[in-house]
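Structural overview for review
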Amino acid sequence: MTRKTGKLVFATNNSHKLHELRSILPAHIQLLSLADIDCHTDIPETGETLEENSLQKARFIHDLCGMDCIADDTGLEVNALDGAPGVYSARYAGDGHDSKANMELLLRNMATHTDRSARFRTVITLVTDDEVHAFEGIVTGKIATEPAGDSGFGYDPVFIPTGWDMTFAQAPESRKNAISHRAVASHRLVEFLNSAHDRH
Ligand code: IMP
C-alpha cells in the first residue's frame, strides 16, 4: 500500500507530466514511471469525461502491475466554445495531430470571440487494491491571441492564468507548478494520503 511503501505508479506515457508531478509531490512519495516497472503498453483512454478517462487509466495499470496507481486526465475548457476542447483536448485537431496543430485550431476558433475565459481542469484518480479516490484541480485564465513561450507543454503557450501577464509557457516551471490545475489536484491527493496514513 502507498502508505506503507510510499510508492505510487503514475500511469502515463507523457514525460512532461511525470516530470511535473515529481517536482510537485513531497519527497516521501516515490513516483514510479511505467518504465520503472517495466511496463511498455498503450493505455486505453475511451471515456467521455475526464473522470472516466482518469479512472480507466489508473485501473488499467493497477490491474496489470498490482501496485497503487494514479492517473491524470486534463482538459482545457473554453467558455466561448461551450467547454471545448475539454476531454478531447489531446485530439482537438484530429488523431495524430500535435500540440501546435491543436493550438492553431483553437486560436482560429476563438478569432471571433471576445470572451476568452477558460480553465484547465485535471482529475487525478488513485486506485489501490481496495480503494478508488478522485481529486480535482482547476486553474482559471484566458486564451492568448497568439502562442508565447517555450517551457511547459501542450496548450501552455496559449493559456494566461488569472492575474498573470504571461502564458504558462513563458513562466519558469516552478511558477506554473505553484498554481497549476495539476498542482491543486496533487495537493489534494497528498492531503488524502497523509490523512490515510494518520488513520492507520
Ligand atoms: P491528457 O490529460 O494527457 O489527455 O491531455 C489532454 C491534452 O491537454 C493534451 O493535448 C495535453 O498536451 C494537454 N495538457 C495536459 N496537461 C496540460 C498542461 O498542464 N498544460 C498544457 N496542456 C496540457
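Residue positions are given per chain, counted from 1 along the sequence in the order it is written. The predicted origin of the model limits local features to residues at a pLDDT of at least 70 and limits the giving and counting of side-chain atom pairs to 80 or more, whereas totals for whole chains, interfaces and linings rest on all residues. Side-chain measures here rest on the full set of heavy atoms in the structure, leaving out hydrogens and waters.

Moving on: the site of the ligand. Lining the immediate surroundings of the ligand are 14 residues, of which Lys-17, Thr-74, Asp-156, His-181 and Arg-182 lie closest. Side-chain polar atom of Glu-45 to an oxygen atom of the ligand: 3.2 Å apart, as the coordinates give it. Between the ligand and Lys-176, the relevant distance is 2.8 Å, taken from an oxygen atom to a side-chain nitrogen or oxygen of the residue. To be clear on the numbers: accessible area is Shrake-Rupley with a 1.4 Å probe, and residue cover counts the displayed protein chains and nothing else. Coverage of the ligand by the protein chains reaches 91% of its 480 Å² of free accessible surface. Near, as used in this document, describes a residue that has one of its heavy atoms within 4 Å of the molecule or strand being considered. In protein, a polar contact requires one atom able to donate a hydrogen and another able to accept it; more generally it is a pair of N or O atoms within 3.5 Å, and residues adjacent in sequence count only if both atoms are side-chain atoms.

This paragraph deals with helix H3 (residues 50-65). Taking 1.5 Å as the rise per residue, H3 with 16 residues should run 22 Å; its terminal C-alpha atoms sit 23 Å apart, in good agreement. Using a 1.4 Å probe on the protein chains alone, a residue whose accessible area is under 20% of its type maximum counts as buried, one over 50% counts as exposed, and one in between counts as partly exposed. Here a strand is any run of E in DSSP of at least two residues, a helix any run of H or I of at least four, and the numbering for each starts at the N terminus. Of all the residues in H3, the buried ones are Leu-50, Asn-53, Ser-54, Lys-57, Ala-58, Ile-61 and His-62. For H3, the angular spread of buried residues about the axis comes to 155°, placing them on one side. Just beyond H3, the residue with positive phi is Gly-66, at close to 75°. Expected span of a helix, by definition, is 1.5 Å for each gap between consecutive residues, and there is one gap fewer than residues. The arc in question is traced by the directions running from the helix axis to the C-beta atoms.

Let us now look at the layout of surface pockets. Of the pockets and cavities examined, the largest pocket occupies roughly 720 Å³. Both cavities and pockets are sets of points on a 1 Å grid over the protein atoms alone; in a cavity a 1.4 Å probe fits but cannot get out, in a pocket the set is open with protein on both sides within 12 Å along at least five of seven lines, and lining residues sit with an atom within 4 Å of a point. Forming the boundary of the largest pocket are 33 residues, of which Asn-14, Lys-17, Ser-89, Ala-90 and Phe-153 lie nearest the centre. Put simply, the parts of the chain that give the lining of the largest pocket at least two residues each are strand S3 (69-78), helix H4 (99-110) and helix H6 (181-199). In terms of residues, the lining of the largest pocket owes the most to one element, S3, which gives five residues. Grid points are joined across faces, edges and corners, and a volume is the space filled by probe spheres set on the points.

As a further point, take the nonpolar core. Nonpolar core, defined: a set of buried Ala, Val, Leu, Ile, Met, Phe, Trp, Tyr and Cys residues in which side-chain atoms within 4.5 Å join the residues together. Leu-76, Val-78, Leu-106, Phe-120, Ile-143, Tyr-155 and Phe-159 are the most contacted members of the largest nonpolar core, which totals 20 residues. Those elements giving two or more residues to this core turn out to be S3, H4, strand S5 (117-127), strand S6 (132-143) and strand S7 (159-161). Top contributing element to this core by residue count: H4, with four residues. Formed by 16 residues, the second largest nonpolar core is a distinct cluster that contains Leu-31, Ile-124, Ala-185 and Phe-192.

Okay, the environment of Pro-147 next. If you trace the backbone, Pro-147 turns up in the loop between S6 and S7. Taking the relative accessible area as the measure of exposure, Pro-147 reaches 46% and is therefore partly exposed. Taking the C-alpha atoms as reference points, Pro-147 and Gly-83, 64 residues apart in sequence, are found 20 Å from one another. Excluding its chain neighbours within four sequence positions, the residues that come into contact with Pro-147 are Leu-107, Pro-157 and Val-158. It only takes one pair of heavy atoms within 4.5 Å for two residues to be counted as in contact.

Here we take up the pairing of S6. Inspection of the sheet shows S5 paired to S6 by 11 bridges, in the antiparallel sense. Within S6, the position partnered with Arg-119 by the bridge is Thr-140. Taking the residues that link successive antiparallel strands as the turn, the S5-S6 hairpin has four residues. Strand pairing requires that DSSP identify at least two bridges connecting the strands. Direction of pairing for S6 relative to S7: antiparallel, over a ladder of three bridges. Directly across from Lys-142, in S7, lies its bridge partner Ile-160.

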